[in-house]
Amino acid sequence: MAVRDFSPTAAPVYRPIRRVAMLVVHSNPLAEPGEGDAGGMTVYVRQMAYSLVQRGIEVDIFTRRDSAGTPSEVTLRPGVRVIQVEAGSPDLSKERIPAFLPEFSARLLSLVEESGLDYDVVHSHYWLSGKVAAIASARWRVPFVHTFHTLGREKNRAKRPGDLMEPELRLDGEARVIADACAIVASTVEERKALIELYSAHPERIHLIPPGVDHATFRPGDREAAKESLSLSGKRVMLFVGRLQPLKGADIAISALGHLVEWGRLKADEAELLIVGGSSGASGAGEAERLAQQAAELGLSDMVRFIAAQPHHHLPGFYQAADVCLVPSYTESFGLVALEAQACGVPVVGSAVGGLKAIVRHGQTGFLVAPGASESFAERAWMVLSDSRLSGSMGRIAVCSSGDFAWDRSAGELHDLYTAGSRSDDCSPSSMWSGKKPFGSRTIVLRRS
Ligand code: UDP
């Protein structure tokens with residue numbers, strides 16, 4: 001560890017960042033996103049790691065082993081390893097993980113010590129990992145950066161019937177992580193605001209770095225050919241993609257289709273709503289069945305197609321077949337699905353919540369409507385479905401505006417943040433990034449929100 005020069009004229013010394021330990025305790029990045037605990041955070045962690053490697057930084061992602069018989073170490077790409085740490089039985093539910101965090105932390109520390117690994121930064125994801133990162137950062141004497149992905153108080157604010165309240169344990173745990181972390185990465189201005197208003201987080205410690213989208217994979221295609229490959233030729237296609245749980249609002253997409261049929265805008269053989277994804281979390285248990293029942297009760301069984309969670313790289317085929325993508329979430333800290341759809345040239349009708357407000361440009365790349373307002377979703381979806389000039393121009397602007405978001409750019413900002421933190425030789429939050437302007441505060445995102 002370099003000794004810090006306290007002489008008043010000394011220029012700050014920045015250490016190069018060579019290796020980062022990412023912690024994702026509860027959501028194993030080896031799992032495919034779209035069901036269970038794997039979703040946007042999985043995509044974020046993988047893509048950030050791949051882009052950091054492009055910058056010469058090696059990334060080890062530590063996660064809890066959640067299935068027996070899998071290798072302890074998996075190389076996702078050269079320079080990016082997933083290392084599985086044993087803590088509790090593999091099939092433990094997320095709700096029971098807090099009790100096993102001390103075991104996870106102890107195993108992580110001894111594993112790193114025994115293997116002789118060392119890291120320049122520890123970056124944790126979700127509050128459970130933040131608890132472990134506080135311990136690891138103190139032991140390794142390296143900065144501790146944290147990304148929440150979702151906040152318990154925010155979820156409780158958006159709670160729907162059937163949703164479980166986020167427990168005090170989580171809310172207290174989040175407050176602790178906010179106090180301990182040297183820097184917090186927020187994806188949007190909304191998240192930054194929530195951290196300050198709901199948790200009294202110190203504004204200077206929050207750094208705005210939006211996620212990205214992989215433009216090589218998510219790009220416009222031939223819509224008719226994509227429809228044909230899904231046996232949807234000649235039909236209008238509405239698309240919902242995501243983990244199935246009440247807060248994601250797939251039921252609102254079904255209700256919106258119901259309104260369009262009821263208003264005589266769409267006939268049974270003219271349109272289909274695709275719902276891609278699987279049940280997620282305790283509140284999502286049985287959600288797919290509830291949605292199927294809702295469709296049946298509305299007489300829409302032939303118009304709603306449920307498709308099991310798809311590997312991430314298979315999704316462009318679905319976006320490219322869609323005439324409109326519905327994102328009816330009640331809360332959304334970012335909303336990668338909306339961004340991926342826009343990158344594929346698909347207009348989005350989304351709820352005016354969280355990150356969707358930064359992604360969807362109302363009237364230009366789609367529409368923002370009040371969460372839960374199924375009639376408004378139907379009206380706006382119909383504007384897109386019935387007006388090919390409008391949808392064509394929205395699709396083109398959507399592709400352009402998605403260019404503001406790219407993983408390489410996000411990773412560059414994260415790299416800057418890590419480097420800024422490396423000037424300290426201790427990790428007391430007061431010494432980290434002190435007096436500095438938050439990195440990565442993109443004016444374009446600030447302006448839009
Ligand atoms: N996803 C996927 N396969 C599926 C459904 C979803 O790969 O079957 C991906 C989707 O492409 C997106 C992520 O899961 O990248 C969901 O992220 P989002 O931010 O929309 O929601 P979150 O899961 O974070 O709540």
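As a reminder, the structure under discussion sits directly above these lines.
Rules and cut-offs
- Residues numbered from 1 in each chain as written.
- Predicted model: local features only at pLDDT ≥ 70, side-chain atom pairs only at ≥ 80, totals over all residues.
- Heavy atoms only, no water.
- Helix = DSSP H or I, 4+ residues; strand = E, 2+ residues; numbered from the N terminus.
- Rg over C-alpha atoms; globule rule 2.2 N^0.38 Å.
- Buried < 20%, exposed > 50% of the residue type's maximum accessible area, 1.4 Å probe, protein only.
- Contact = heavy atoms within 4.5 Å.
- Areas by Shrake-Rupley, 256 points an atom, 1.4 Å probe, with all protein chains shown as cover.
- Lys, Arg positive; Asp, Glu negative; His and termini not counted.
- Charge placed at Lys NZ, Arg CZ, Asp CG, Glu CD.
- Salt bridge = Lys/Arg side-chain N within 4 Å of Asp/Glu carboxyl O.
- Pairing = 2+ DSSP bridges.
- Right-handed = clockwise from strand over helix to strand, strands pointing away.
- Axes fitted to C-alpha atoms, helices over the stretch in contact; angles between N-to-C directions.
- Near = heavy atom within 4 Å.
- Polar contact = N/O pair within 3.5 Å; in protein donor to acceptor, adjacent residues only side chain to side chain.
- Nonpolar A, V, L, I, M, F, W, Y, C, P; charged D, E, K, R; others polar.

K.L.:
Help me out: how do you make sense of the overall build of the protein chain in this one?
P.N.:
Per the secondary structure count, the protein chain includes 16 helices and 14 strands. In terms of C-alpha radius of gyration, the protein chain reaches 22 Å, essentially the compact-globule figure of 22 Å for 449 residues. On the principal axes, the C-alpha backbone points of the protein chain span a range of 75 × 45 × 40 Å. Per-residue burial over the protein chain gives 56% buried out of 449 residues. Partitioning the intrachain contacts of the protein chain with sequence separation of at least 6 by distance along the chain shows that 70% fall at a separation of at least 24. Carbon and sulfur atoms provide 51% of the accessible area of the protein chain, an area that totals close to 18,000 Å². Each charge class in the protein chain can be summarised by its mean position, and for the 49 positive and 52 negative side chains these summaries are 5 Å apart.

K.L.:
Teacher, can you tell me more about the pattern of salt bridges here?
P.N.:
Side chains carrying opposite charge are able to pair once their charged atoms draw close together. Tallied over the entire structure, the rule returns 24 salt bridges. Residue E154 is joined to R157 by a salt bridge in which the shortest nitrogen-to-oxygen separation is 3.2 Å. Of this pair, E154 and R157 both sit in helix α4 (residues 152–157), three residues apart, roughly one helical turn. Close ionic contact of K357 with E190 constitutes a salt bridge, the shortest N to O distance being 3.0 Å. You can see K357 sitting in helix α12 (residues 356–359) and its partner E190 sitting in helix α6 (residues 189–199), a full 167 residues away along the chain. One network of salt bridges, with partners in common, ties together R19, E58, D60, E73 and R81.

K.L.:
Just checking my understanding: could you explain the pairing of strand β1 (residues 19–23) for this structure?
P.N.:
Working note: regular strand, side chains alternate between the two faces of the sheet. Burial within β1 is extensive, with five of its five residues counted as buried. Here β1 shows no split at all, with R19, A21 and L23 on one side and V20 and M22 on the other all buried. The pairing of β1 with strand β2 (residues 58–64) spans five bridges and is parallel. The residue of β2 that forms the bridge with V20 is V59. Remark: the β1/helix α1 (residues 40–54)/β2 crossover connection has right-handed handedness. Pairing between β1 and strand β5 (residues 121–125): four bridges, direction parallel. The partner of M22 across the bridge, within β5, is H123.

K.L.:
For this particular structure, what's the right way to read the sheet that holds strand β14 (residues 366–369)?
P.N.:
The strands that make up a sheet are held in pairs by hydrogen bonds between backbone atoms, and each pair lies either parallel or antiparallel. Read from one edge of the open sheet, six strands run β11-β10-β9-β12-β13-β14, paired in parallel fashion. The sheet is open, and its two edges are formed by β11 (304–307) and β14, each paired on a single side. Within the sheet, the average angular offset between the axes of one strand and its neighbour, ignoring direction, is 20 degrees. As paired elements, strand β9 (residues 236–241) and strand β10 (residues 271–276) share six bridges and run parallel to each other. Looking at β10, one finds that M238 is bridged to L273. Across the sheet, helix α11 (residues 336–343) lies against β9, β12 (324–327) and β13 (348–351), angled at about 170 degrees from β12, the strand it touches most.

K.L.:
Mind showing me how you'd approach the site of the ligand here?
P.N.:
G40, R243, K248, Q310 and E340 are the nearest of the 19 residues found near the ligand. Contact between the ligand and H312: an oxygen atom at 3.1 Å from a side-chain N or O atom of the residue. Contact distances for the ligand include 2.6 Å between an oxygen atom and a side-chain N or O atom of E340. Counting residues per element, the shell around the ligand draws most heavily on α11, at three residues. Residues that form the shell around the ligand fall into these classes: nine nonpolar, six polar and four charged.

K.L.:
It is not clear to me how the environment of M303 should be interpreted in this structure. Could you clarify?
P.N.:
Position of M303 among the secondary structure elements: in the loop between α9 (287–297) and β11. Among all residues touching M303, those that are not within four sequence positions of it are L257, V261, K267, A268, A271, E272 and L273.

K.L.:
Mind showing me how you'd approach the pairing of β14 here?
P.N.:
Going residue by residue along β14, you find G366 and L368 tucked away on one face and F367 and V369 tucked away on the opposite face as well. Note that β13 and β14 share four bridges and pair parallel. Residue pairing across strands places G350 opposite L368, the latter belonging to β14.

K.L.:
Sorry, what's going on with the packing of α11 against helix α14 (residues 388–402) here?
P.N.:
A pair of packed helices is characterised by two quantities: the angle between their axes and the separation of those axes. Running from N to C, α11 and α14 point in directions that differ by 115 degrees, and their axes come no closer than 7 Å. Along the contact surface, α11 presents L339, Q342 and A343, while α14 presents A398, V399, S401 and S402. Classifying every residue of the contact of α11 with α14 by side-chain character gives four nonpolar, three polar and no charged.

K.L.:
How should unusual backbone geometry be read in this particular structure?
P.N.:
Keep in mind that most residues, glycine aside, have a negative phi and that most peptide bonds are trans. One non-glycine residue, R141, lies in the positive phi region at around 55 degrees. Relative to the elements of secondary structure, R141 occurs in the loop between α3 (126–140) and β6 (144–147). The class for R141 is partly exposed, based on a relative accessible area of 45%. Of note, the phi angle at S231 is positive, near 55 degrees, even though the residue is not glycine. On the secondary structure map, S231 appears in the loop between α7 (223–229) and β9. S231 sits in the exposed class, given a relative accessible area of 61%.

K.L.:
What is the right way to read the sheet that holds strand β4 (residues 80–85) from this model?
P.N.:
Across the sheet, which stays open at both edges, the eight strands sit in the order β3-β4-β2-β1-β5-β6-β7-β8 with mixed pairing between neighbours. The open sheet has two edge strands, β3 (73–77) and β8 (206–208), and neither has a second partner. Across the sheet, the axes of successive neighbouring strands diverge by a mean angle of 25 degrees, strand direction being ignored. With three bridges connecting them, strand β7 (residues 183–186) and β8 associate as parallel partners. Residue pairing across strands places I184 opposite I206, the latter belonging to β8. α3 contacts β1, β5 and β6 of the sheet and is inclined by roughly 165 degrees relative to β5.

The values are spatial; any link to function lies outside them.
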